[in-house]
Amino acid sequence: MSKRLQRIFQLQEANTSVRTEGIAGLTSFMTVAYIIAVNGAILSQVGMPYEAVTIATLICCFLGCMLMALWANSPLLIVPGMGDNAFFVFTLVFSFGLTWQQALAVVLIAGIVFTLTTVTKGAFYLSQSIPNSMINAMTAGIGLFIAFLGLKNGRLIVASEGTFVKLGDLADPYALTTILTLLILVPLFLRNVKGNFLIGIIVGTLIGSILGIVDFSTLRDFSFSFSGYDQIFFAFDFSQIGTINFWTAVFSLSMVIIFQNMGAQLGMLPDKSKFRRSFQANAFSIIGAGFFGCSPTTTAAESATGIAAGGRTGLTSFTAGLLFIPALFLIPLFKVIPDAAIAPVLIIVGCLMVQSLKEIPFSDFTEAFPAYLMMAIMPLSFSIANGIAFGFIAYPILKLVTGRRQEISVTMYIIAFFFLLYFILGTI
């Protein structure tokens, strides 16, 4: 079995092993498993049945990871995105006034648009036309985003009416659990202990239980019902397809999913030669989300935890994908793991990704400022897509005003125009 896995996923060529990939897959899964319980809670706000959406979430996680593993041999995980489910609820339904069934139709068409981009030379031209400073800024920006997510979830950074954010109460059990877990995890990481992130999550959960932040009451009921899933399966509604409103929604979602996932994949993929197929797997999964009754799937930023744990091939995503099957019946077990136990992993991974800053030529302001905008906007707007948009709009503007238009590709002009249009339509 081990030899077969090595052959299928080309482990020897990637200088990795079944054990390393398995631990990486488990680590990635542990950091992203919260989506199983959370996605249904968000989508239920528009009237979608919680348990049915949870089933759809599981199916889409499994499908996305299998596509990434078997089609692209990539360690990235595909799951319904937190920003994407919010876009589905608050933009497509609440802002554009679509029903959730019509919003599913938007997801399906946007997935087809995304797929057309990936199966033609569009994705290749896009990736080749993006300056290295922008790619490195995406990596660093996503790193800051992940770090901010960790600091927020660990309650080291909290909301403030006066200053928007502030340092949390370090005596708070959640913040204290984050700090103590981080103090244990950093030495494990520096010593390159196998499974360090996974060990950190387990230890953090134990610390949290001692400090009283772990709720064990969820372990009493492991029952789960599959009834009602037929209400959202193939439930898309194209009745508004002839309206401008519908196509504006398709355009907006297409812009978000294409460039958000391009930024995430170019930023995280250890082997950039896998980008084309990895991008295709992402696109196919979004079409699947439309069919199975879910918000758009995305390249999970938490994939970086598995990559940091040594994941290099599709065996990482394959392992994680398999774990989503029994996970449906173990939701109460995953609810036991506090955010404070996962937060230190995100903080460390954020630091690893921010190191790409050294590849950005900060001595050239026309390269530095768009990169800086991208990195600042991502965590502060809590949106990878918004950060990418600001960076891509600023880049050609600065090159033009400094008389360096020869450094701008036609593709960069087109991308900047569409991102500008994305912002304009979003304000209408």
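Residues numbered from 1 in each chain as written. Predicted model: local features only at pLDDT ≥ 70, side-chain atom pairs only at ≥ 80, totals over all residues. Heavy atoms only, no water.

### Brief notes about the packing of aromatic side chains
- For the structure on display, the rule yields 24 aromatic pairs.
- Measuring from centroid to centroid gives 5.7 Å for F9 and F318, while their planes differ by 50 degrees, and the two rings are tilted. You can see F9 sitting in helix 1 (residues 2–9) and its partner F318 sitting in helix 14 (residues 314–327), a full 309 residues away along the chain.
- Look at F259 and F419: their rings are 4.8 Å apart centre to centre, the planes differ by 55 degrees, and that puts the pair in the tilted class. In this pair, F259 is assigned in helix 11 (residues 244–268) and F419 in helix 19 (residues 410–427), connecting sequence segments 160 residues apart.
- Chaining the aromatic ring pairs together yields one cluster made of Y229, F233, F234, F236, F238, F291 and F292.
- When the ring centre of Y174 is taken as origin, the NZ or CZ atom of R155, which lies over that ring, is 3.7 Å away.
- One residue, R277, lies across the ring of W71, its end atom 3.7 Å from the ring centre. (Phe/Tyr/Trp six-rings, centres within 6.5 Å; stacked < 30°, edge-to-face > 60°. Helix = DSSP H or I, 4+ residues; strand = E, 2+ residues; numbered from the N terminus. Lys NZ or Arg CZ within 6 Å of the ring centre and 35° of its normal.)

### Examining the state of the cysteines
- Taken as a whole, this structure holds zero disulfides when the rule is applied.
- Here C65 is not disulfide-linked; the sulfur of C61 is the nearest cysteine sulfur, at 6.5 Å. (Disulfide = S-S within 2.5 Å.)

### Points about the nonpolar core
- Core analysis: the biggest nonpolar cluster contains 122 residues, and M48, F88, L92, F324, F392 and F419 have the highest contact counts within it.
- Per element, the largest residue contribution to this core is 14 residues, and it comes from helix 11.
- When sequence neighbours within four positions are dropped, the list of residues in contact with F419 reads M255, F259, A385, I388, A389, F392 and I393. (Core = buried A, V, L, I, M, F, W, Y, C linked by side-chain atoms within 4.5 Å. Buried < 20%, exposed > 50% of the residue type's maximum accessible area, 1.4 Å probe, protein only. Contact = heavy atoms within 4.5 Å.)

### A word on the packing of helix 10 (residues 196–210) against helix 16 (residues 339–354)
- Viewed as axis vectors pointing N to C, helix 10 and helix 16 meet at an angle of 145 degrees, and their least axial separation amounts to 7 Å. For the crossing formed where helix 10 meets helix 16, the hand is right-handed. Contact residues: F197, G200, I201, G204 and T205 in helix 10; A341, V345, I348 and V349 in helix 16. (Axes fitted to C-alpha atoms, helices over the stretch in contact; angles between N-to-C directions. Left-handed = near helix turned anticlockwise from the far one by under 90°.)

### Brief notes about the side chain of K274
- With respect to the element layout, K274 can be found in the loop between helix 11 and helix 12 (275–292).
- Buried within the structure, K274 lacks any salt-bridge partner; D271 is the closest side chain of opposite charge, at an N-O distance of 4.7 Å.
- Within the structure, the side chain of K274 is placed 2.7 Å from the backbone oxygen of N73, a separation counted as a polar contact.
- Residues in contact with K274, not counting those within four places in the same chain, are A72, N73, S74, L269, R312 and T313. (Lys, Arg positive; Asp, Glu negative; His and termini not counted. Salt bridge = Lys/Arg side-chain N within 4 Å of Asp/Glu carboxyl O. Polar contact = N/O pair within 3.5 Å; in protein donor to acceptor, adjacent residues only side chain to side chain.)

### Things to note about the pattern of salt bridges
- One pass over the structure, following the stated rule, counts four salt bridges.
- Note that R404 and D364 form a salt bridge whose closest N and O atoms lie 2.7 Å from each other. In this pair, R404 is assigned in the loop between helix 18 (384–401) and helix 19 and D364 in the loop between helix 16 and helix 17 (365–381), connecting sequence segments 40 residues apart.
- Of the residues examined, D364 reaches a relative accessible area of 18% and is grouped as buried.
- For R404, the salt bridge identified is with E407, shortest N-O distance 2.9 Å.
- Taking relative accessible area as the criterion, R404 reaches 22% and is therefore assigned partly exposed.
- Classification of E407 as partly exposed rests on a relative accessible area of 33%.
- One salt-bridge network, in which partners are shared between bridges, spans D364, E367, K399, R404 and E407.

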